[in-house]
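Each chain, written out:
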Amino acid sequence: MSSESLVRADVDFERQGKQFGNLAVPQSTNSAGWAKRFIPVVVIKNGSGPTAVLFGGNHGDEFEGPVTLMNLARRLEPDQIQGRIILVPMLNRPAVEVGTRLSPLDGCNMNRAFPGRPDDTITGMIAHYVSSTILPMADLVVDIHSGGSSTLFLPSVNMHEVENQEQMRKMLDAGRAWGAPYVFIYRDVAGAGLLPTLAEQMGKVTLGTEMGSKSQFGVETLGITARGVENVLDWANILKRSSASAPPEPQLVAATEEADYIMASASGLFEPLCELGDEVKSGNRLGQIHSIEHPERAPIPVLAQTNGMVMARRAIPLTLQGELVVALVRPFEFS
Ligand SMILES: [Zn+2]
C-alpha cells in the first residue's frame, strides 16, 4: 500500500495571492460509484514569512470555527499579511453539515483520527492529508473548538503541557496574545489521535480553544474567537496591523489530575449544583444524578475529588455512566 494520499487539493499552496478551493477526497457511494467529497480550503499568501494553519469544524457541532474562519477568509486580502495563512473552516465538513460531533459517513471522531492513513475511511483520509501535507507547512497551528452539544466551557485557549520548554513558552505567549479570559492547560482523558497533540509533537506552536458550547453560540463567543484569531496572527507577525490594543491578561489554569475530570458514576438526569467559575473544594456536591428507572431513590451525588474552579460542566441533563459532568482547574504556574 502506498503511503501517498489520495486526497487532491485544487489550490497551489505556494502561489502568491488568495485562492478559494477544495480538498477532494475520493468516495464511492450508493448514489455514485465514483465521487469526491469536497473540504473547503483557502490559501492567502504574500511574500515570504511564517505560515499559520487554522482549522474549524474539526467537530461538526462546534460552529465558532467555521463562522470565524469563513468571515476571515472573505475579509483578508494578501496585502494585509506577510507570509501565508491556510484556512480549513470545516475540516469535518460532513459532520458540520448535520451538526454532529462525529462524521455521519463513518462514525469517526476527526479529533481522534490523527495521524490517519491514506487507505482509511474518509475521516482518517482527511486526517492523513492534514498530517502529511498541511501540518508540515505550518509554524503556527490553531484548531478552534467549543463544548459543542454536550459541554459548557469558560471561553479559553488551550494546550497540553509539552516537554520542550521553549515550545511551551511560545505556546503560552501565543495563548496570552489571543485575549480570551482563560488559557487552559489540559490532559487527554478520552483517547489519543488529537490534531493538536500531533501538531505539538511536530514542534509547532499549537493552540486549541474551547469557546463555549452550542447553546452559548452568539455575539460574545464569536467576538472572542474572531478577535483572538487576529490577535494571534498579529503575534505571529503574519497579520499587519497598524494599531492594536494589548489584549487583557488571561488567567492561566490547568486541569492536570485525572480526578479533575469528573465522570458520571451512573446514568440518569444530571442536575448541576455548580456553575462555571465557582470555586469548590474536594468533597463538595457539584451536582446529582437522578435515576429515570427509580424515582424513589435519592439522586447519586457528583462530588469534587480535587479543589479547584469549575471550568466546564455538562450542558444537557441526559447523561450516561462514564460521561464527563464537571471539569475543575487550578492556577497554572510556568517559570
Ligand atoms: Zn471539539
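Basis of the calculations
Residues numbered from 1 in each chain as written. Predicted model: local features only at pLDDT ≥ 70, side-chain atom pairs only at ≥ 80, totals over all residues. Helix = DSSP H or I, 4+ residues; strand = E, 2+ residues; numbered from the N terminus. Expected span 1.5 Å × (residues − 1). Buried ≥ 20, exposed ≤ 12 C-beta atoms within 10 Å, placed from the backbone. Contact = placed C-beta atoms within 7 Å. Pairing = 2+ DSSP bridges. Axes fitted to C-alpha atoms, helices over the stretch in contact; angles between N-to-C directions. Parallel < 35°, antiparallel > 145°, perpendicular 65-115°, else oblique. Left-handed = near helix turned anticlockwise from the far one by under 90°. Nonpolar A, V, L, I, M, F, W, Y, C, P; charged D, E, K, R; others polar.

### Quick look at helix α4 (residues 165-178)
And step 1. Taking 1.5 Å of rise per residue, 14 residues should cover 20 Å, and α4 covers 20 Å from first to last C-alpha, within 8% of that figure.
And step 2. Those residues of α4 that sit buried are M171, L172, A174, G175, R176, A177 and W178.
And step 3. Structurally, α4 contributes buried residues whose contacts are with β6 (140-143), β8 (156-159), β9 (182-185), β10 (205-210) and α6 (219-235).
And step 4. Positive backbone phi, at 90 degrees, marks G179, one or two positions downstream of α4.

### Things to note about the pairing of strand β2 (residues 17-27)
And step 1. As defined by bridge partners, strand β1 (residues 8-9) adjoins β2 across two bridges and the pair is classed as antiparallel. Directly across from A9, in β2, lies its bridge partner L23.
And step 2. Of the strand pairs in this sheet, β2 and strand β3 (residues 35-46) are connected by eleven bridges, and their pairing is antiparallel. Within β3, the position partnered with N22 by the bridge is P40.

### Side note on the packing of helix α1 (residues 64-75) against α6
And step 1. Contact geometry for α1 and α6: axes closest at 10 Å, N-to-C directions at 50 degrees. Overall, the two elements α1 and α6 adopt an arrangement that is oblique. Every pair of crossing elements has a handedness; the one defined by α1 and α6 is right-handed. Seen from α1, the contacting residues are E64, V67, T68, N71 and L72; seen from α6, they are T221, L222, T225, A226 and V229.
And step 2. Partitioned by chemical class, the residues of the contact of α1 with α6 number five nonpolar, four polar and one charged.

### Overview of α1
Since the α-helix packs 3.6 residues into each turn, any two residues three or four apart lie on the same face.
And step 1. Along its twelve residues, α1 runs 16 Å from first to last C-alpha, staying within 8% of the 16 Å computed at 1.5 Å per residue.
And step 2. Within α1, the full set of buried residues consists of E64, G65, P66, T68, L69 and L72.
And step 3. Contact partners of the buried residues in α1: β4 (51-55), β5 (83-88), α2 (93-98) and α6.

### Side note on the sheet that holds strand β13 (residues 268-272)
And step 1. Pairing within the open sheet is antiparallel, and its four strands lie in the order β16-β15-β13-β18. Each having just a single partner strand, β16 (300-303) and β18 (318-319) make up the two edges of the open sheet.
And step 2. The sheet contact formed by strand β15 (residues 285-290) and β16 spans four bridges and is antiparallel. Note on β16: the bridge partner recorded for Q288 is P301.

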